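# Fold and geometry: a report
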Amino acid sequence: MVDLKPQYHRIKPEIDAAIEEVLESTQFIKGPAVKKFEDDFARYMGVKDIVACANGTDALQIAMMALGYQPGDEVITASFTYVATAEVIALLKLKPVLVEVNPDTFTIDPAAIEAAITPRTKAIVPVHLFGQAADMEAILKIAAKHKLHVIEDNAQATGADITFRDGRKVKAGTVGTVGTTSFFPSKNLGCYGDGGALFVHNDELAKKIRVVANHGQTQQYVHDEIGVNSRLDTIQAAILNVKLKYLDDYALRRQQVADFYDAAFKGLAQVQTPVRASYSTHVFHQYTLKINGTNRDELRNKLSERGIPSMIYYPIPLHLQKAYRDSRYKEGAFPVTEQLCKSVLSLPIHTEFEPGQLEYIVENFKQLVQS
Ligand SMILES: Cc1ncc(COP(=O)(O)O)c(C=O)c1O
């Protein structure tokens, strides 16, 4: 699905030198590469402050801790997402309130958000899924009307642009109260281990986030609140400093792969190619088709026999997962999400295809769905 080795080899001298510099410095924790990355990435994202942390799940948890939610407070998020989004809500003893997604963009449906708001609602967590932003203009309007925070889960859409109706262009992840991301190796901006970050505009909130992420420590050995230990290693920051320079190029390569797939599958009745929202660029963290009238598991097996990997993101909706069972949400509660879980199929997408590989994938894919 993702070929990280040739990507590393293309930038190996720079990466190896950056890692060696950290090794020689022995500043493995909070070394200068971390601050440099936070500053350079903040400039790229157009956000005042970035706080790096250990992974994207921690970033979500730290955001909710810093915003001071109390047990029982309600947090609205999408029913079709990776488990991490709901996991941190539940871990903090907050109440996850799931809402339906748009069948075309797969992102949270603003009308469904509005219907789920109660007096205990504190925040909306839109997920910018598969490389494309949720409808932030509509979500921000709802949040302002009901005085709610917006925590953007931007683990999958680093680098995507949102264009507002007035023409203002911003990076996904930077328009809510706080945004979060993941640098998991397969992400659009991935490090060589775990990593994450929070995007913040407000100085007070940024300060609080830094305290929460550092054991709740306000001065050395002074802890005014309970925090967590969540840091981006200096080696990972040094790697990200190299890879940040290539992020836009990586997005372009992914978009070229998506264009190739779109053109090859045009008019193929058995699939619906990804819909690109008018308000967001799509940086194609995943290339996800909807399959109609073909047995998806059989198709995956046959693709696999021909050496073509495919994945289902995500096979089971959150509300039907054992850990998140809730009497509020029975089977049938989220028909769009449930249908997506039955019909989506992601094909390989990354920055390093060799000549002929994409042709091989589309030829075989078309043959199999038409047979
Ligand atoms: C939508 C979403 N949110 C959060 C995360 C969590 O990120 P991490 O794996 O870095 O903890 C992921 C990672 O896959 C994700 O896809």
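Refer to the structure above for everything that follows.
Here is a short report on the structure shown in this document. On a predicted model such as this, the values are computed, not experimentally measured, just so you know.

### Digging into the overall build of the protein chain
- In terms of helices and strands, the protein chain carries 13 helices and 14 strands.
- A compact globule built from 371 residues should have a C-alpha radius of gyration of about 21 Å, and the protein chain, at 21 Å, falls within 12% of that.
- On the principal axes, the C-alpha backbone points of the protein chain span a range of 65 × 55 × 45 Å.
- In the protein chain, which comprises 371 residues, the proportion classed as buried is 55%.
- In the protein chain, the proportion of contacts linking residues at least 24 apart, taken out of those at least 6 apart, comes to 72%.
- Taking the average place of the 41 positive charges on the side chains of the protein chain and the average place of its 44 negative ones, the gap between the two points comes to 3 Å.

### Notes on the site of the ligand
- Around the ligand sit Asn55, Gly56, Thr57, Tyr82, Ala84, Val127, Asp153, Ala155, Gln156, Ser182, Lys187 and Gly195, and those are all the residues in its vicinity.
- Separating an oxygen atom of the ligand from a side-chain N or O atom of Thr57 is a distance of 2.5 Å.
- Contacts to the ligand include Lys187, whose side-chain N or O atom sits 2.7 Å from an oxygen atom.
- Residue composition of the shell around the ligand, grouped by class: four nonpolar, six polar and two charged.

### Things to note about the sheet that holds strand 14 (residues 344-347)
- Spatially, the three strands line up as an open sheet ordered 12-13-14, and their pairing is antiparallel. Looking at the sheet topology across the chains shown, the edges are occupied by strand 12 (271-272) and strand 14.
- By the bridge criterion, four bridges tie strand 13 (residues 287-291) to strand 14 in an arrangement that is antiparallel. Directly across from Thr288, in strand 14, lies its bridge partner Ser346.
- Against the sheet, helix 10 (residues 247-265) touches strand 12, strand 13 and strand 14, its axis set at about 20° to strand 13.
- Sitting on the sheet, helix 11 (residues 296-305) touches strand 13 and strand 14, and the angle it makes with strand 14 is about 15°.

### Things to note about the pairing of strand 9 (residues 196-200)
- The element strand 9 is extensively covered by neighbouring structure, given that five of its five residues are classed as buried.
- Because side chains alternate across strand 9, one face comprises the buried residues Gly196, Leu198 and Val200, and the other comprises Ala197 and Phe199, equally buried.
- Two elements, strand 1 (residues 49-53) and strand 9, share five bridges in a ladder whose sense is antiparallel. Bridged to Val51 within strand 9 is Leu198.

### What about the packing of aromatic side chains?
- As enumerated under the stated definition, the model contains 19 aromatic pairs in all.
- In textbook terms, an aromatic cluster arises when at least three aromatic residues are bridged by ring pairs, as seen for Phe80, Tyr82, Phe106, Phe130, Tyr313 and Tyr314.

How each quantity is defined
- Residues numbered from 1 in each chain as written.
- Predicted model: local features only at pLDDT ≥ 70, side-chain atom pairs only at ≥ 80, totals over all residues.
- Heavy atoms only, no water.
- Helix = DSSP H or I, 4+ residues; strand = E, 2+ residues; numbered from the N terminus.
- Rg over C-alpha atoms; globule rule 2.2 N^0.38 Å.
- Buried < 20%, exposed > 50% of the residue type's maximum accessible area, 1.4 Å probe, protein only.
- Contact = heavy atoms within 4.5 Å.
- Lys, Arg positive; Asp, Glu negative; His and termini not counted.
- Charge placed at Lys NZ, Arg CZ, Asp CG, Glu CD.
- Near = heavy atom within 4 Å.
- Polar contact = N/O pair within 3.5 Å; in protein donor to acceptor, adjacent residues only side chain to side chain.
- Nonpolar A, V, L, I, M, F, W, Y, C, P; charged D, E, K, R; others polar.
- Pairing = 2+ DSSP bridges.
- Axes fitted to C-alpha atoms, helices over the stretch in contact; angles between N-to-C directions.
- Phe/Tyr/Trp six-rings, centres within 6.5 Å; stacked < 30°, edge-to-face > 60°.

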